[in-house]
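Commentary on secondary and tertiary structure
Here is how the chains run, residue by residue.
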Protein chains: 4
Amino acid sequence: MTHTPPEHAGPGSNRRPALSWWGGNADRGDSVRLEAFSDGVLAIAITLLILDVRVEQQPGQSLAAALGHAGPEIGAYAASFLQIGIMWANHHALFRIVARVDQLLLLANLLLLGFVAFLPLPTRLVAQHTSGADAHTAMLLYGATLTGCALAFNLIWRHTVRRGLLADGVDPEFRRDVDIRYLAGLGGYLAATLLALIQPWLTLAVTALLALLFLLGPSPRAASVTDPAAP
Amino acid sequence: MTHTPPEHAGPGSNRRPALSWWGGNADRGDSVRLEAFSDGVLAIAITLLILDVRVEQQPGQSLAAALGHAGPEIGAYAASFLQIGIMWANHHALFRIVARVDQLLLLANLLLLGFVAFLPLPTRLVAQHTSGADAHTAMLLYGATLTGCALAFNLIWRHTVRRGLLADGVDPEFRRDVDIRYLAGLGGYLAATLLALIQPWLTLAVTALLALLFLLGPSPRAASVTDPAAP
Amino acid sequence: MTHTPPEHAGPGSNRRPALSWWGGNADRGDSVRLEAFSDGVLAIAITLLILDVRVEQQPGQSLAAALGHAGPEIGAYAASFLQIGIMWANHHALFRIVARVDQLLLLANLLLLGFVAFLPLPTRLVAQHTSGADAHTAMLLYGATLTGCALAFNLIWRHTVRRGLLADGVDPEFRRDVDIRYLAGLGGYLAATLLALIQPWLTLAVTALLALLFLLGPSPRAASVTDPAAP
Amino acid sequence: MTHTPPEHAGPGSNRRPALSWWGGNADRGDSVRLEAFSDGVLAIAITLLILDVRVEQQPGQSLAAALGHAGPEIGAYAASFLQIGIMWANHHALFRIVARVDQLLLLANLLLLGFVAFLPLPTRLVAQHTSGADAHTAMLLYGATLTGCALAFNLIWRHTVRRGLLADGVDPEFRRDVDIRYLAGLGGYLAATLLALIQPWLTLAVTALLALLFLLGPSPRAASVTDPAAP
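Predicted model, so just to flag it, every value in this text is computed and none were measured.

A closer look at the overall build of chain A
Across its full length, chain A holds 8 helices and 2 strands. The linear arrangement of helices and strands in chain A, starting from the amino end, is β-α-α-α-α-α-α-α-α-β. Taking all 231 residues of chain A together, the buried fraction comes to 62%. Excluding contacts between residues fewer than 6 apart, the proportion of contacts in chain A whose partners are at least 24 apart in sequence is 76%. Summed over all atoms, the accessible surface of chain A reaches about 8200 Å², with 65% contributed by carbon and sulfur.

If you want it as structure tokens, here you go:
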């Protein structure tokens, strides 16, 4: 146990002088179980998406033709799969530098999970409504749900920084990079949502691009932190 | 391995003189896998809730109007999401101080998981029945299910204390705080359930408030325990 | 790393002279991930059960009356929840003493998971068919699925013992106790299945009793093993 | 912490001089959480398969007769269960020798999970269309999905080798064995898919045989690696 938060009596000691109920001042352990629960919700939400892809076959229609018409369903499936998958990677990257968890962080994380678990509903609506006014409505809801996720990520990050829940040794430059990254993400998703008012499919395309940009684009400057996961 | 229950021959030894089948006298390991299984059930139950949110669109009705009428479905989704999320946090907080697991604890935990996994059913009924006698019935079942969860938490806690399954070093004051907390929770959920006889939506509001109060309100006094998770 | 299987060059070494692809001669690590995957499947199967509990309300029927008729659905839900929950506990108890995993063990475990994941189907049929010849058929399938689980547990246990995959230091008496336990379980579930030919509900009652007896009844004699999970 | 990648200042140090956001140069930790997320998706996909097995009972038909006609559904369930189960084992075997994770590996793994999570859809179609032109179409989609999985495994493996993400000490012979194994798997699944043009059920039989051959057939030569999971 090389990671020794100030609450610890000293290295080698395994007494925690004050174990609060919610683990507010506890060490790495809480973040690990919060990540495990979040991983579970994200893994289930991403896998449930397929339950809503239904290939409707008209009487006398061949399966090949029906599959051809299932394009929007499969496209929406792929887009939401990408969003949740990259959100998982982002969640993982973020919580690697969170050393402590308090009640409001639990609540902000629950808000994020609530938006992610809600995503199958707008995904289904987007696949069902591909033209007319309803296509605009469906895509607005889809974009708003992703914007809600971006907002929750910002709340988690701001709360973590303000309450000193970050791992020791995260550089100020790194923090600023993450600040910019998260605010830019929020702005980008909000703008992509508003595009639904003009052309619904633009929302799907731009949010997919944003997610890929998040994963493959520039990362925050490398941080020099005390490894919170070191045994 | 700094946590050494009396059954161990001594520090540094990795012989367990008596490994019972169900892990009655085993150390931290069992609680960890019980938590992992419980995390899984809670994560799945919380994510399945969305499957029951159906936006029913009448012929000639716009999607926007249909979404407007989905308010009760989405409200019930949000309420149950909050309940299960905070129950997860509470389960996690509780099992951090459980050092040993026996058969009856497994059974009591299974009872809790059974009530949680059952919650999607009353949630669906509450969303479908928003007026008349059926609204009372649905909300009674919803409240009763949450009261069942509170009851199972009490059974788990009482059994843990009586059989000496708690981690070493939990203060008597801390125990008393948890006693009060859990009994008050049971009473609160029971009272909220009975409110369904008068005004169904009160049950939903009061149970949501109770959950938030549990998370954000006063915690049990800080405990001074031997960290059971220290490597 | 205090657990040193013979393949290891010596304590303190972290070279594995031969890491086979499937982990046949690898140490604890493989069993841990096999347990994690199995936990996942069991947790999902147990939570999906509720999706099949449908409260069918006839026109003009009150929700209270409809719930009264949902008795068989809720009873079948509770029975299968108990079966899977206790199977999880049993799986956990068994794999605590498995030190090594090979390909056939993976396959036997997959067979077990396949029967468990199949259980929601006969559970639904049992709830739908409560009288007449179909009740016998549904309960025969339900009992046969549980008997399949018991068979898979026996295959896992026999293979583990024969191929020397057990943790070191498990006493011969302990092995004999588990032998008897597992064969008795298989016989018991088989007999309970055949009862479905006479009186379907007896199968549900006897299998529930068997599961509770497994959890709360006599355990195998305490074993003295080298703790495979010790860090 | 005996596993010391070059980025580490030295053994005993717990400073990571450069922690990139996505963990590109981080050690074992990332691979562990990637495996946990993948385990979750695979466990859910395998368990959701049963939701699509529906026993349709015609008016006046006995349940026994209806079950007799559910043969294709149950066969398709068993085949896909086997595929996902063995893919899980293969995924686990592969990631035991991956020491580092970068962004493209995350994306390639997401592609694999996307194909696996998609499998319930073609499985359902295969069970519903057992004759005529639609049987060919359904089986082509089923085979193509499995071929997509094989392709994603190849992408993951190639990327891991090229970017030096493998654990230290994996022999060149071992790498060549895995190269051949993965390319042969891709070719085999592709050929099995094309068989659907001639005789649909051959695709199901040959892909099941390929999976069993993967699990029970010859493994890559034993590798001598530094155990990345050693504590």
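Brief notes about the nonpolar core
Of all hydrophobic cores here, the largest spans 293 residues; its most connected members are A:Phe37, B:Phe37, C:Phe37 and D:Phe37. Other than its neighbours up to four places away in sequence, D:Phe37 contacts A:Asp39, A:Leu42, A:Ala43, A:Ile46, A:Trp88, D:Leu110 and D:Leu113.

Focus: the packing of aromatic side chains
Taken as a whole and judged by the stated rule, the model has 20 aromatic pairs over all chains. Taking 6.2 Å as the distance between ring centres and 65 degrees as the angle between the ring planes, the aromatic pair formed by B:Trp157 and B:Tyr182 counts as edge-to-face. Here B:Trp157, found in helix H6 (residues 133–162), pairs with B:Tyr182, found in helix H7 (residues 172–194); they are 25 residues apart in sequence, far enough to count as distant. In this pair, the class of B:Trp157 matches that of B:Tyr182, namely buried. A ring pair is formed by C:Phe153 and C:Tyr182, whose centres lie 5.8 Å apart and whose planes are at 65 degrees; its orientation type is edge-to-face.

Re helix H4 (residues 103–118) of chain D
Helix length check: H4(D), at 16 residues, gives a terminal C-alpha distance of 22 Å against a target of 22 Å (1.5 Å per residue), a fit within 8%. Taken across its 16 residues, H4(D) has 13 buried, putting it largely inside the fold.

Description of the pattern of salt bridges
Residue and element names in this part refer to chain A. Inspection of every chain in the model, using the stated rule, returns 9 salt bridges over all chains. Asp52 serves as the salt-bridge partner of Arg124, at 3.1 Å between the closest nitrogen and oxygen. Note that Arg124 is positioned in helix H5 (residues 120–128) and Asp52 in the loop between helix H1 (29–48) and helix H2 (63–69), a separation of 72 residues in sequence. Side by side, Arg124 and Asp52 carry an identical accessibility label, which is buried.

Description of H6(B)
For H6(B), built from 30 residues, the straight-helix expectation of 44 Å at 1.5 Å per residue is met to within 8% by its first-to-last C-alpha distance of 43 Å. Just downstream of H6(B) lies B:Gly164, where phi reads positive at about 65 degrees.

A look at the packing of helix H3 (residues 71–95) of chain C against helix H4 (residues 103–118) of chain C
Helix-helix packing: each pair is described by the crossing angle between the helix axes and the interaxial distance. Residue and element names in this part refer to chain C. The interhelical angle for the contact between H3 and H4, taken along N-to-C directions, is 165 degrees, at an axis separation of 12 Å. As summarised for this structure, H3 and H4 are arranged roughly antiparallel, according to the angle between their axes. In this structure, H3 crosses over H4, and the sense of that crossing is left-handed. Along the contact surface, H3 presents Ile84, Met87, His91 and Phe95, while H4 presents Leu105, Asn109, Leu112 and Val116.

What about the side chain of D:Arg100?
Residues and elements named next belong to chain D. Tracing the chain through its elements places Arg100 in the loop between helix H3 (71–95) and H4. Buried and unpaired, Arg100 has no salt bridge, with Asp168 as the nearest side chain of opposite charge at 4.1 Å. Reaching out from Arg100, the side chain makes a polar contact with the backbone oxygen of Gly164 at a distance of 3.1 Å. Polar contacts involving the side chain of Arg100 include one to the main-chain carbonyl oxygen of Leu166, which spans 3.2 Å.

Regarding a nonpolar patch on the surface
Together, A:Leu190, A:Leu194, A:Leu197 and A:Ile198 make up an exposed nonpolar region whose accessible area comes to about 430 Å². Inspection of the secondary structure assignment puts A:Leu194 in helix H7 (residues 172–194).

Thoughts on the side chain of B:Thr160
Residue and element names in this part refer to chain B. Relative to the assigned elements, Thr160 resides in helix H6. Overall, Thr160 belongs to the buried group, its relative accessible area being 0%. When neighbours within four sequence positions are excluded, Thr160 is seen to be in contact with Val98, Leu105, Leu165 and Leu166.

Side note on the layout of surface pockets
The volume enclosed by the second largest pocket comes to roughly 1200 Å³. Taken together, 38 residues form the lining of the second largest pocket, with A:Leu51, A:Asp52, A:Arg54, B:Leu51 and B:Arg54 sitting closest to its centre. Residues of the lining of the second largest pocket, tallied by class, amount to 11 nonpolar, 7 polar and 20 charged.

Description of the packing of H4(C) against helix H8 (residues 200–216) of chain D
Relative orientation of the contacting elements H4(C) and H8(D) amounts to 135 degrees, with a least axis distance of 9 Å. With respect to H8(D), the axis of H4(C) lies oblique. Taking contact as the criterion, the partners of C:Gln103, C:Leu104, C:Leu106 and C:Leu107 in H4(C) are, on H8(D), D:Leu212, D:Leu215 and D:Leu216. Looking at the contact of H4(C) with H8(D), its residues break down into 6 nonpolar, 1 polar and no charged.

Regarding the confidence of the model for chain A
Interpretation of the predicted coordinates at a detailed level should be avoided for regions scoring low in pLDDT. Residues and elements named next belong to chain A. Chain-level statistics for chain A give a pLDDT mean of 83 and a share of 82% at 70 or above. Within chain A, strand S1 (residues 15–19) has the poorest average pLDDT of any element, 44, and helix H6 (residues 133–162) the best, 96. Across residues 1–18, where pLDDT falls below 50, the model places 41 contacts with residues more than four positions away in sequence or in other chains. Across residues 226–231, where pLDDT falls below 50, the model places 15 contacts with residues more than four positions away in sequence or in other chains.

Considering the environment of C:Val101
Residues and elements named next belong to chain C. Of note, Val101 is situated in the loop between H3 and H4. For Val101, a relative accessible area of 2% translates into the label buried. Put simply, Val101 and Leu34 are 67 residues apart on the chain and 8.5 Å apart in space, counted from C-alpha to C-alpha.

A short note on the environment of D:Arg54
Here D:Arg54 lies in the loop between helix H1 (29–48) and helix H2 (63–69). D:Arg54 gets classed as partly exposed once you look at its relative accessible area, which sits at 37%. For the pair D:Arg54 and D:Leu213, spaced 159 residues apart in the sequence, the C-alpha separation amounts to 30 Å. Setting aside residues up to four positions removed in sequence, D:Arg54 forms contacts with C:Asp52, C:Arg124 and D:Glu73.

Quick notes on the environment of B:Phe81
Considering the arrangement of structural elements, one finds B:Phe81 in helix H3 (residues 71–95). Linking B:Phe81 and B:Ala208, residues 127 residues apart in sequence, is a C-alpha distance of 10.0 Å. B:Phe81 has contacts with A:Leu110, A:Leu113, A:Gly114, A:Ala117, B:Ile46 and B:Leu49, leaving out every residue within four places of it along the chain.

Parameters and conventions
- Residues numbered from 1 in each chain as written.
- Chains lettered and ligands numbered in written order.
- Predicted model: local features only at pLDDT ≥ 70, side-chain atom pairs only at ≥ 80, totals over all residues.
- Heavy atoms only, no water.
- Helix = DSSP H or I, 4+ residues; strand = E, 2+ residues; numbered from the N terminus.
- Buried < 20%, exposed > 50% of the residue type's maximum accessible area, 1.4 Å probe, protein only.
- Contact = heavy atoms within 4.5 Å.
- Areas by Shrake-Rupley, 256 points an atom, 1.4 Å probe, with all protein chains shown as cover.
- Core = buried A, V, L, I, M, F, W, Y, C linked by side-chain atoms within 4.5 Å.
- Phe/Tyr/Trp six-rings, centres within 6.5 Å; stacked < 30°, edge-to-face > 60°.
- Expected span 1.5 Å × (residues − 1).
- Salt bridge = Lys/Arg side-chain N within 4 Å of Asp/Glu carboxyl O.
- Axes fitted to C-alpha atoms, helices over the stretch in contact; angles between N-to-C directions.
- Parallel < 35°, antiparallel > 145°, perpendicular 65-115°, else oblique.
- Left-handed = near helix turned anticlockwise from the far one by under 90°.
- Lys, Arg positive; Asp, Glu negative; His and termini not counted.
- Polar contact = N/O pair within 3.5 Å; in protein donor to acceptor, adjacent residues only side chain to side chain.
- Patch = residues over 30% accessible without salt bridge, like charges linked within 9 Å, V, L, I, M, F, W, Y side chains within 5 Å.
- 1 Å grid on protein atoms, 1.4 Å probe; cavity = no way out; pocket = protein on both sides within 12 Å on 5 of 7 lines; lining within 4 Å.
- Points joined across faces, edges and corners; volume = space filled by probe spheres on them.
- Nonpolar A, V, L, I, M, F, W, Y, C, P; charged D, E, K, R; others polar.
- pLDDT = per-residue confidence, 0-100.

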